Amino acid sequence: MVVYNLYIFNRNGQCLFYREWLRRRQIKMTQEEEFKLMNGFIYSVKSFVQRLTPTDLKDGFVSFKTNCYKLHYYETPTGLKFILNTDNNVDNIRHILHQLYSTIFVNYIVKNPRYSALDIINNDQEIFIEKLDEFISNLSIFSQTNKI
C-alpha cells in the first residue's frame, strides 16, 4: 500500500501544509492552483454528501475513492482539514488522521509558541516535519514503494 501526499487546510481554505511522499504524475498547474482545486473539491463533496444522505451522518464525509487513489478526510472541531491520499487498498484511516492531528500537529504546531493559527507551516518547523515523516513511515499502509 502507498501513501501519496498530505494536505492540511485551515477553516478558511488556506493550505497550511503540504507534504508529498510519492507522486507518480506531475500536474500542469501551480501548487497554489492545486491547493485551491483540492479545497474546492473537498467543499463540494462535503456539501454533496450532507445534502443527499438519507440519514444523519455522525462522521459525515470520510473518504472518496477513484480507480487510481483514495482520498481520506478528517476535519477537526476547529475546522482544520487533513487530507491524505493513498492507493485504493487502504481501508478507513480516520482514526490515523485523528491521531496525526492529536499527537503530531497539536504537540509540534499548536503548542509551539512561535506558531499562529493562520501561519503556513514551512520548512522551519523541522521537528514537526520529522515527526510527521516518522509517523507516516511507521504506518502499515506506508510500503517500501514510498521509499523509491
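As recorded in an unreviewed UniProt entry, the chain goes by Trafficking protein particle complex subunit and comes from Rotaria sordida. Looking at the chain in UniProt, the text filed under Sequence similarities (unreviewed entry) is "Belongs to the TRAPP small subunits family. BET5 subfamily." According to the UniProt record, the Subunit (unreviewed entry) comment for the chain is "Part of the multisubunit transport protein particle (TRAPP) complex. The heterodimer TRAPPC6B-TRAPPC3 interacts with TRAPPC1 likely providing a core for TRAPP complex formation."

**Q** Which residues make up the nonpolar core, and what are the values?
**A** Core analysis: the largest hydrophobic core is formed by 29 residues, its most contacted members being Phe-82, Phe-105, Phe-128 and Leu-132. Of all elements in the fold, only β1 (3-9), β2 (15-20), β5 (81-86), α2 (94-110) and α3 (126-137) reach the threshold of two or more residues within this core. The element contributing the most residues to this core is α2, with eight residues. Those residues in contact with Leu-132, other than ones at most four positions away along the chain, are Leu-6, Phe-17, Arg-19, Trp-21, Leu-100 and Ile-104. Counting residues in hydrophobic clusters, the runner-up holds 12 residues, among them Tyr-18, Met-38, Ile-42 and Leu-71.

**Q** Give me the sheet that holds β2: which residues, what numbers.
**A** What links the strands of a sheet is backbone hydrogen bonding, and the strands pair in either a parallel or an antiparallel sense. One open sheet holds the five strands; their spatial order is β2-β1-β5-β4-β3, and the pairing between them is antiparallel. Two strands in the sheet have a free side with no partner beyond their single neighbour: β2 and β3 (63-65). With direction set aside, neighbouring strand axes in the sheet form an average angle of 10°. Sheet topology note: the strand β4 (residues 70-75)/β5 ladder contains six bridges and is antiparallel. Residue pairing across strands places Glu-75 opposite Lys-81, the latter belonging to β5. Lying over the sheet, α2 contacts β1, β4 and β5, oriented at roughly 50° with respect to β4.

**Q** Tell me about the side chain of Lys-81, and name the residues and values.
**A** Tracing the backbone shows Lys-81 in strand β5. Separated by 3.3 Å, the side chain of Lys-81 and the backbone oxygen of Gly-79 make a polar contact. In this structure Lys-81 touches Tyr-7, Ile-8, Phe-9, Asn-10, Arg-11, Asn-39, Ile-42, Tyr-73, Tyr-74 and Glu-75, once residues within four positions along its chain are discounted.

**Q** I'd like to hear about a negative patch on the surface, residue by residue, with values.
**A** Taken together, Asp-124, Glu-126, Glu-130 and Glu-134 make up a surface patch of like negative charges. Among the secondary structure elements, Glu-130 is positioned in helix α3.

**Q** Help me get a handle on the pattern of salt bridges, residues and values and all.
**A** A full pass over the atoms with the stated rule returns two salt bridges. Note that Asp-133 is salt-bridged to Arg-19, the shortest N-O span being 2.4 Å. Here Asp-133, found in helix α3, pairs with Arg-19, found in strand β2; they are 114 residues apart in sequence, far enough to count as distant. Exposure remark for Arg-19: the relative accessible area of 25% places this residue in the partly exposed category. The shortest N-O distance in the salt bridge between Lys-46 and Glu-75 comes to 2.6 Å. Within this pair, whereas Lys-46 is found in helix α1 (residues 31-52), its partner Glu-75 is found in strand β4, the two being separated by 29 residues in sequence.

**Q** Could you give an account of the pairing of β2, naming the residues involved and the relevant values?
**A** Relative to β2, β1 runs antiparallel, the two being bridged by five bridges. In the sheet register, Leu-6 faces β2, and the bridge partner there is Arg-19. Following β1, the chain reverses through five residues before pairing antiparallel with β2; Gly-13 in that reversal takes a positive phi of roughly 90°.

Basis of the calculations
- Residues numbered from 1 in each chain as written.
- Predicted model: local features only at pLDDT ≥ 70, side-chain atom pairs only at ≥ 80, totals over all residues.
- Heavy atoms only, no water.
- UniProt positions renumbered as here; feature names shortened; annotations may be inferred.
- Core = buried A, V, L, I, M, F, W, Y, C linked by side-chain atoms within 4.5 Å.
- Buried < 20%, exposed > 50% of the residue type's maximum accessible area, 1.4 Å probe, protein only.
- Helix = DSSP H or I, 4+ residues; strand = E, 2+ residues; numbered from the N terminus.
- Contact = heavy atoms within 4.5 Å.
- Pairing = 2+ DSSP bridges.
- Axes fitted to C-alpha atoms, helices over the stretch in contact; angles between N-to-C directions.
- Polar contact = N/O pair within 3.5 Å; in protein donor to acceptor, adjacent residues only side chain to side chain.
- Patch = residues over 30% accessible without salt bridge, like charges linked within 9 Å, V, L, I, M, F, W, Y side chains within 5 Å.
- Areas by Shrake-Rupley, 256 points an atom, 1.4 Å probe, with all protein chains shown as cover.
- Salt bridge = Lys/Arg side-chain N within 4 Å of Asp/Glu carboxyl O.
- Lys, Arg positive; Asp, Glu negative; His and termini not counted.
- Charge placed at Lys NZ, Arg CZ, Asp CG, Glu CD.

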